[in-house]
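Take a look at the letters that make up each chain.
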Amino acid sequence: GSHGLLSGKKVVVTAGGTIERIDPVRYITNDSSGKMGFAIAKAAKELGAEVHLIAAHTDEAPPEGIETERVESAEDMYQAVLRAFPDSDIVVKAAAVADYRPREAASSKIKKRGDTMTLELVKTTDILENLGRRKTTQFLIGFAAETDSVEQYAREKLKRKNCDLLVANDVTAAGAGFGTDTNLVQIYDAEGLVERLPLMSKEEVGRRLLTLAAERLSGRFS
Ligand code: PMT
């Protein structure tokens, strides 16, 4: 409700998959539907937070009554997140951000020529890693989409990106990861595993995650 655990808190959530342009009619993206990020945004609102949702490409309509900013590429998302960051209390990076983008987006449609074609990709900015370096009082929650060695990669990402919590999902597990209404996650902090949640709806994951964040945020000041 409106007098919930997160009342008075500003929560920024990113959702969806970024689009990296090849030319005006073609792009590279990924399987993110936006469901996980949208579910977190809804849960944050229910817990009383002021929510700012930053959404890249999604299959779903963003939840009603939540301020939503649409972005396309990793670079656009980076700029939007940076603008919202100084004023935020909690940032949740559920978006699937491209790690690489075409070196340049052609300004007109690329013509079919030879039998092969090479697309050169360059690294995008790692948004979460940048936030990890900049953060002062913000509580930073990252995600890790893994297909193997989930715990090891999750712990490495948490450290490298300086997150307060990291949500690891094994995207090969049934009912988990991209496109589903449910997820199967493990939550880590710098000390190690905090919680291994059973298969549950993405909204329940959002509630559990934000409840944990709220408890830890309030613990900082008591
Ligand atoms: O949208 P759905 O269909 O509901 O699917 C949900 C999900 C599988 C997309 C979601 O649960 C999830 O795991 N999101 C993170 C996907 C991802 O990009 O993971 P990663 O392990 O590649 O990245 C780790 C973290 O760094 C993520 O928080 C990501 O947002 C962030 N990142 C990554 C690359 C980059 N250039 N900038 C970033 O900020």
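- Looking at an unreviewed UniProt entry, the protein chain carries the name Coenzyme A biosynthesis bifunctional protein CoaBC, with the source organism given as Paenibacillus lactis.

### Some details on the environment of Glu20
Then, in step 1: The residue Glu20 is located in strand E2 (residues 20-23) in this model.
Then, in step 2: The class for Glu20 is buried, based on 22 C-beta atoms found within 10 Å.
Then, in step 3: Through-space distance from the C-alpha of Glu20 to that of Val97 is 9.7 Å; in sequence the pair is 77 residues apart.
Then, in step 4: Dropping the residues within four chain positions of it, Glu20 is found in contact with Tyr27, Ile28, Ser73, Ala74, Ala98, Arg101 and Pro102.

### A closer look at the nonpolar core
Then, in step 1: Formed by 59 residues in total, the largest nonpolar core has its most connected members in Val13, Ile40, Ala44, Met77 and Ile141.
Then, in step 2: Among the elements that take part in this core, helix H1 (residues 35-46) stands out by supplying 7 residues, more than any other.
Then, in step 3: Other than its neighbours up to four places away in sequence, Val13 contacts Gly37, Ile40, Ala41, Ala44, Val51, Leu53, Val92 and Ala94.

### Remarks on the sheet that holds strand E4 (residues 50-55)
Then, in step 1: Strand order in this open sheet of 8 strands is E5-E4-E1-E6-E9-E10-E12-E13, and the pairing throughout is mixed. Lying at the two open borders of the sheet, with one neighbouring strand each, are strand E5 (67-70) and strand E13 (192-196). The sheet shows a mean angle of 20 degrees between the axes of neighbouring strands, direction not considered.
Then, in step 2: Taken together, the 6 bridges between strand E9 (residues 139-146) and strand E10 (residues 165-170) define a ladder with parallel strand orientation. Across the sheet, the residue bridging to Ala144 is Ala168, located in E10.
Then, in step 3: Sheet contacts for helix H4 (residues 150-160): E9, E10 and strand E12 (185-189); angle to E9, the most-contacted strand, approximately 145 degrees.

Analysis parameters
Residues numbered from 1 in each chain as written. Predicted model: local features only at pLDDT ≥ 70, side-chain atom pairs only at ≥ 80, totals over all residues. Helix = DSSP H or I, 4+ residues; strand = E, 2+ residues; numbered from the N terminus. Buried ≥ 20, exposed ≤ 12 C-beta atoms within 10 Å, placed from the backbone. Contact = placed C-beta atoms within 7 Å. Core = buried A, V, L, I, M, F, W, Y, C linked by C-beta atoms within 7 Å. Pairing = 2+ DSSP bridges. Axes fitted to C-alpha atoms, helices over the stretch in contact; angles between N-to-C directions.

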